[in-house]
Amino acid sequence: MAKPQQTFACGSCGAVYSRWQGKCDDCGGWNTVSQHTAAVSGAPKGLSQKKGTAVSLVSLNEPIVEAPRTLSGISELDRALGGGFVPGSAVLVGGDPGIGKSTLLLQAMAALALKGEDCIYISGEEATAQIQMRANRLGLQGAPLKLGCETSLRNILTTLGESNAPKAVVIDSIQTLYADHVESAPGTVSQVRVCAHELISFAKRRGIVVILVGHVTKDGQIAGPRVLEHMVDTVLYFEGDRGHQFRILRAVKNRFGGTDEIGVFEMTGLGLQEVTNPSELFLADHNVREPGSCVFAGIEGSRPVLVEIQALVARSSAANPRRAVVGWDTGRLAMVLAVLDARAGLGLSGCDVYLNVAGGLKISEPAADMAVAAALMSSLSQSALPEETVVFGEISLSGDIRSVSQTDGRLKEAAKLGFSRAIMPKGKKQSRKEMQQQTVTRIGDLVTNFFPDN
Ligand code: TYD
Ligand code: MG
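These numbers come from a predicted model, not from an experiment.

Caption draft 1: View of unusual backbone geometry. For the bond from Asp172 to Ser173, the omega torsion is 0°, close enough to zero to count as cis. By secondary structure assignment, the location of Ser173 is in the loop between strand E7 (168–172) and helix H5 (189–206). Within the chain, Gln382 stands out as a residue other than glycine whose phi angle is a positive 55°. Mapped onto the elements of the fold, Gln382 is located in the loop between helix H9 (369–381) and strand E17 (389–391). Positive phi values are uncommon outside glycine, yet Gln406 reaches one of about 55°. Mapping Gln406 onto the fold places it in the loop between strand E19 (401–402) and helix H10 (407–416). The partly exposed category is assigned to Gln406, whose relative accessible area is 39%.

Here is the structure:
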């Protein structure tokens, strides 16, 4: 048996070093490098002498043997997964503590168990009584779901093997597991890597679904090495604002479906409820008559979502006026402000600017540029946008308005929710007769809505 070799590894990106260092050269993290014992099996001597077995190769056009997907019955979860769980796959669910990962997976497993599937929920964090109490509160006590409390990887693998390979297993969380043949504490890079690897190989071998819960660090990474994200087939992030009741399940990697698909849930006293029409929820308290408010017709994944963007612009005498953004990118706001100053001379550089995406949603689409610009100008001019108006479009640095994708979907959703006007880029074809459309080609066209003399 080869002697274990002492190396050092970065806890956030997995980079390996021969000596300890304070800063990781790879990801730039401070104090993330710690000791790591890797069992080396020696140089691959004699690899050429001993023959392995040949892999059977197939051509691209051979018939595909694909097992049907397993639907959890929670349609928002199935949507984020790209149409249900794929047998033999590994799913990583990440999210801040207390956001509802355990609740979501308990509900999903109970729903699957109620459909007659064999499911196991293993928790390394909570006692079975705690989980049972939660299940009682959620009204799931009748589901034939099997619970277990264990942190030893060996015992978990034995349990899964004995019970004749269940259909799905949840491990809550991967950071609490330990493999007894690895000499480091649970939650360290080597432990997380080994445990995940063993569970994923088990899933592939037996054709079961393994769902791993992963904690997220302060800066939003799944704790432990980032290699965990490379190892699994699907990575879902459960996000939301603790102050708001709704939660978004976002696919950031999916080998079996599209990414950027979202599932929307509402956290209630009875657990997570699905939200089938998110726009209604995000616009629930929308006040159309307020200056500084604008409704953005966005697309999240394949789904149109209307959200309210609120801005407050106030003259400031400070040398560095304040810029505060919630739910949008600070850099993108700086760009929109610069374009408005340079192309329309609005003098926003001398103003404090606050921007908020109502309801706690995080928007990353460039199509929100024009809605943000409209909210800013509405606040600056103290004039509200006309009622029943939605805005979308991308602003380029030259002040041109660029067209965006899925115009029709955005207009359709807006019309469905009672909006009758859209301020939008000039597209190739204009559709939706029921909507009155104001097409904008330059930022100046939008500015005249608020400052007629500009
Ligand atoms: P939990 O699933 O334990 O979060 P995680 O596993 O991501 O750490 O969720 C805990 C939070 O959810 C807790 O703050 C209380 C809240 N909650 C409800 O509001 N309603 C419910 O029915 C349940 C089960 C939890
Ligand atoms: Mg939990």
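After that view, the rundown keeps rolling.
Caption draft 2: Up close: the site of ligand 1. Taken together, the neighbourhood of ligand 1 is formed by 16 residues, with Gly98, Lys101, Ser102, Thr103 and Thr268 sitting nearest. One nitrogen or oxygen atom from the side chain of Ser102 is found 2.5 Å from an oxygen atom belonging to ligand 1. A distance of 2.5 Å separates an oxygen atom of ligand 1 from a polar side-chain atom of Thr103. Relative to its unbound accessible surface of 550 Å², ligand 1 loses 72% to contact with the protein. Of all the elements, helix H2 (residues 101–114) adds the most residues to the shell around ligand 1, at 3 residues.

Caption draft 3: Up close: the packing of helix H8 (residues 330–344) against H9. At their nearest, the axes of H8 and H9 sit 10 Å apart, and the two run at 60° to each other. Here H8 lies oblique to H9, going by the angle between them. For H8 against H9, the interelement crossing comes out right-handed. Each of Arg332, Leu333, Met335, Val336, Leu337 and Leu340 in H8 lies in contact with H9, whose residues at this interface are Asp369, Val372, Ala373, Leu376 and Met377. Grouping the amino acids of the contact of H8 with H9 by side-chain chemistry returns 9 nonpolar, no polar and 2 charged.

Caption draft 4: Representation of the packing of H2 against helix H3 (residues 128–137) in the model. Two elements in contact, H2 and H3, have axes whose closest approach is 11 Å; the angle formed by their N-to-C orientations is 70°. In terms of their interaxial angle, H2 and H3 are classed as roughly perpendicular. Mapping the contact onto sequence places Ser102, Thr103 and Leu106 in H2 and Ile131, Arg134 and Ala135 in H3. In terms of residue class, the contact of H2 with H3 is made up of 3 nonpolar, 2 polar and 1 charged.

Caption draft 5: Quick look at the domain arrangement of the protein chain. Taken domain by domain, the protein chain holds domain 1 (4–39), domain 2 (75–276) and domain 3 (281–447). A C-alpha centroid distance of 27 Å is found between domain 1 and domain 2.

Caption draft 6: Examining the sheet that holds E7 more closely. Pairing in this open sheet of 9 strands is mixed, and the strands run E6-E5-E7-E8-E4-E9-E10-E11-E12 from one edge to the other. Every other strand in the sheet has two partners, leaving strand E6 (146–149) and strand E12 (271–274) as the edge strands with one partner each. For this sheet the average axis-to-axis angle between neighbouring strands, irrespective of direction, equals 25°. By the bridge criterion, 6 bridges tie strand E4 (residues 90–95) to strand E8 (residues 209–215) in an arrangement that is parallel. Residue Gly95 lies in a different strand from E8, and its bridge partner there is His215. Along the sheet face, H2 touches E4, strand E5 (119–123), E7, E8, strand E9 (234–240), strand E10 (246–254), strand E11 (262–268) and E12 and points at about 160° away from the line of E5.

Cut-offs applied
Residues numbered from 1 in each chain as written. Chains lettered and ligands numbered in written order. Predicted model: local features only at pLDDT ≥ 70, side-chain atom pairs only at ≥ 80, totals over all residues. Heavy atoms only, no water. Helix = DSSP H or I, 4+ residues; strand = E, 2+ residues; numbered from the N terminus. Buried < 20%, exposed > 50% of the residue type's maximum accessible area, 1.4 Å probe, protein only. Near = heavy atom within 4 Å. Polar contact = N/O pair within 3.5 Å; in protein donor to acceptor, adjacent residues only side chain to side chain. Areas by Shrake-Rupley, 256 points an atom, 1.4 Å probe, with all protein chains shown as cover. Axes fitted to C-alpha atoms, helices over the stretch in contact; angles between N-to-C directions. Parallel < 35°, antiparallel > 145°, perpendicular 65-115°, else oblique. Left-handed = near helix turned anticlockwise from the far one by under 90°. Contact = heavy atoms within 4.5 Å. Nonpolar A, V, L, I, M, F, W, Y, C, P; charged D, E, K, R; others polar. Domains from an automatic or database assignment. Pairing = 2+ DSSP bridges.

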